Amino acid sequence: MTNIQSISMSAHKARRVLDQIRGRSYQETLMILELMPYRACYPIFKVIYSAAANAKHNMGLNEEYLVIIKATVDEGTTVKKLKPRARGRSYTIKRPTCHITIVLKDISLYEESVVENSIGMGQKINPLGFRLGTIQGHHSLWFAQPKNYSKGLQEDQKIRECIKNYVQKNMRISSGVEGIARIEIQKRIDLIQIIIHMGFPKLLVEGKPRRIEELQMNVQKELNYVNRKLNITITRITKPYGHPNILAEFIAGQLRNRVSFRKAIKKAIELTEQADTKGIQVQIAGRIDGKEIARVEWIREGRVPLQTIRAKIDYCSYRVRTIYGVLGIKIWIFVDEE
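Computed from a predicted model, the values in this text were never measured in an experiment.

Enquirer: If you had to explain the packing of helix 6 (residues 149-170) against helix 8 (residues 211-223) to someone new, which residues and values would you point to?
Expert: Axis separation between helix 6 and helix 8 bottoms out at 10 Å; the angle between their running directions is 140°. Taken together, the axis directions place helix 6 and helix 8 in an arrangement best described as oblique. The interaxial crossing formed by helix 6 with helix 8 has right-handed handedness. Here Glu-155, Lys-158, Ile-159, Cys-162, Ile-163, Tyr-166 and Asn-170 of helix 6 lie close against helix 8, whose contacting residues are Arg-211, Glu-214, Leu-215, Asn-218, Val-219, Glu-222 and Leu-223. Across the contact of helix 6 with helix 8, the residue classes break down as seven nonpolar, two polar and five charged.

Enquirer: Please give an account of helix 2 (residues 26-35) that cites residues and values.
Expert: Of all the positions in helix 2, only Tyr-26, Thr-29, Leu-30, Ile-32 and Leu-33 are classed as buried. Along the axis of helix 2, the buried residues cluster in a sector spanning 165°; they form a single face. Opposite the packed face of helix 2, turned more than 90 degrees from it, sit the exposed residues Glu-34 and Leu-35. If you follow the buried residues of helix 2, they end up packed against helix 1 (11-21), helix 3 (41-59) and strand 2 (66-84). Capping the start of helix 2 is the job of one residue whose side-chain oxygen sits 3.4 Å from the backbone nitrogen of Glu-28: Ser-25.

Enquirer: Account for the environment of Leu-104, naming residues and giving values.
Expert: Within the fold, Leu-104 resides in strand 3 (residues 90-106). Residue classification places Leu-104 among the buried positions, given a relative accessible area of 18%. When sequence neighbours within four positions are dropped, the list of residues in contact with Leu-104 reads Ile-48, Ala-51, Ala-52, Leu-66, Val-67 and Ile-68.

Enquirer: Describe the sheet that holds strand 2, and please don't skip the residues or the numbers.
Expert: Pairing within the open sheet is antiparallel, and its three strands lie in the order 1-3-2. Where the open sheet ends on each side, the last strands, each with one partner, are strand 1 (2-7) and strand 2. Across the sheet, the mean angle separating the axes of adjacent strands is 10° when strand polarity is ignored. Pairing analysis gives 16 bridges linking strand 2 to strand 3, with the strands arranged antiparallel.

Enquirer: Please provide a residue-by-residue account of the packing of aromatic side chains, values included.
Expert: Per the stated rule, a full pass over the model turns up four aromatic pairs. Judged by centre distance (6.3 Å) and plane angle (10°), the rings of Phe-45 and Tyr-49 are stacked. In this pair, Phe-45 and Tyr-49 are both assigned in helix 3, four residues apart and thus about one turn of the helix distant. A centroid spacing of 5.6 Å and a plane angle of 40° characterise the contact between Trp-142 and Tyr-149, whose relative ring orientation is tilted. Here Tyr-149 falls in the partly exposed class, since its relative accessible area comes to 46%. The aromatic ring of Tyr-38 is capped on one face by Arg-16, whose charged end is 4.2 Å from the ring centroid. Geometry around Trp-142 places Lys-187 over its ring, the cationic atom sitting 4.8 Å from the centre.

Enquirer: An account of the nonpolar core is requested, with residue identities and associated values reported.
Expert: Within the largest apolar cluster, 29 residues are counted, with the highest numbers of intra-cluster contacts made by Leu-18, Ile-21, Ile-44, Ile-48, Cys-98, Ile-100 and Ile-102. It is helix 3 that provides the largest number of residues to this core, a total of seven residues. Core analysis: the second largest hydrophobic core is formed by 23 residues, Leu-247, Phe-261, Ala-264 and Ile-331 among them.

Enquirer: Let's hear about the side chain of Thr-272: which residues, and what values?
Expert: As for its position among the elements, Thr-272 is in helix 10 (residues 261-273). With residues up to four places along the chain from it excluded, the contact list for Thr-272 reads Tyr-241, Leu-247, Thr-277, Ile-280 and Ile-333.

Enquirer: Quick rundown of the sheet that holds strand 11 (residues 325-337)? Include the residues and the values.
Expert: With antiparallel pairing, four strands are arranged side by side in an open sheet as 9-8-11-10. The open sheet has two free edges, formed respectively by strand 9 (295-302) and strand 10 (311-322), since each of these has just one partner strand. Within the sheet, the average angular offset between the axes of one strand and its neighbour, ignoring direction, is 10°. Packing of helix 9 (residues 244-256) onto the sheet brings it into contact with strand 8 (279-286), strand 10 and strand 11, and relative to strand 10 it is tilted by some 25°. Its contacts with the sheet place helix 10 against strand 8, strand 9 and strand 11, and it is angled at close to 25° to strand 9.

Enquirer: Before we move on, can you summarise a nonpolar patch on the surface with the specific residues and values?
Expert: Together, Ile-125, Phe-130 and Ile-309 give the surface a local cluster of nonpolar side chains, amounting to about 260 Å² of exposed area. The residue Ile-309 is located in the loop between strand 9 and strand 10 in this model.

Thresholds applied
Residues numbered from 1 in each chain as written. Predicted model: local features only at pLDDT ≥ 70, side-chain atom pairs only at ≥ 80, totals over all residues. Heavy atoms only, no water. Axes fitted to C-alpha atoms, helices over the stretch in contact; angles between N-to-C directions. Helix = DSSP H or I, 4+ residues; strand = E, 2+ residues; numbered from the N terminus. Parallel < 35°, antiparallel > 145°, perpendicular 65-115°, else oblique. Left-handed = near helix turned anticlockwise from the far one by under 90°. Contact = heavy atoms within 4.5 Å. Nonpolar A, V, L, I, M, F, W, Y, C, P; charged D, E, K, R; others polar. Buried < 20%, exposed > 50% of the residue type's maximum accessible area, 1.4 Å probe, protein only. Arc of directions from axis to C-beta. Polar contact = N/O pair within 3.5 Å; in protein donor to acceptor, adjacent residues only side chain to side chain. Pairing = 2+ DSSP bridges. Phe/Tyr/Trp six-rings, centres within 6.5 Å; stacked < 30°, edge-to-face > 60°. Lys NZ or Arg CZ within 6 Å of the ring centre and 35° of its normal. Core = buried A, V, L, I, M, F, W, Y, C linked by side-chain atoms within 4.5 Å. Patch = residues over 30% accessible without salt bridge, like charges linked within 9 Å, V, L, I, M, F, W, Y side chains within 5 Å. Areas by Shrake-Rupley, 256 points an atom, 1.4 Å probe, with all protein chains shown as cover. Salt bridge = Lys/Arg side-chain N within 4 Å of Asp/Glu carboxyl O.

Pasting the structure below:
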């Protein structure tokens, strides 16, 4: 426990910060205090840092397992001070003070009770990975030895990033929708087959019939393919707005143009209904509409049975950069049930 007294600050301002860190871990608390824009963060930061140093030096505790279990603030005495003015004059002002108390606890000493209390917690899983082997297939099909598996994953990531960067540079459209639903990669000994599923392939091919060959040359140059042949084909999707990636790009373009998030989501839901889907859920997190405090907003239309394995659900998570910061978009679309 660490106590610091007579800080020149009102108890209300200190309590506003302590409410945000109570119950959090030591390392997470330091990160929050460094990013919060309040003047009360600095003295509270020093108190918590001192408390952790005492726990490490005097009791031999590990800082990684420290949690703030108590953070209180009490009002102190009111100090009278003189405020200097021009021509040697001054007037008295009253400055409030407060006392801050921080108590840390090592959760490793109570590991058994923590495990018992965490049995009933909900676990999140990617809907696509949850259905692999039943109604969902892999987007990359190849075989590799265990020691070369990580290289194959990095190679797939570079291929997808190279294709997306090329499409962004060459597709000049106002909505900002690239139209790439997914990229499938099939690798053999001497051949790499890449299938690009696009909602608007004409926007890429139109005006430049040799763009596919140019894209193929860029990918080969990026990955230095010498002994392996590369083949790229583009497949058109009949209902583009029934795929979550294209829908997320549409919402991201609306948010960049400062459109209200509710209008953007409702417009996306209208486009999805035209694609004959059975349900959709859209979630946006971050500083929505430029508000100071980050929050999560979501809207659901129709059925979205995430726990039913036979239900075919498309999912994507998308990150969009706005002038207010980074927003996260998650979309679940209930396509059909087998």
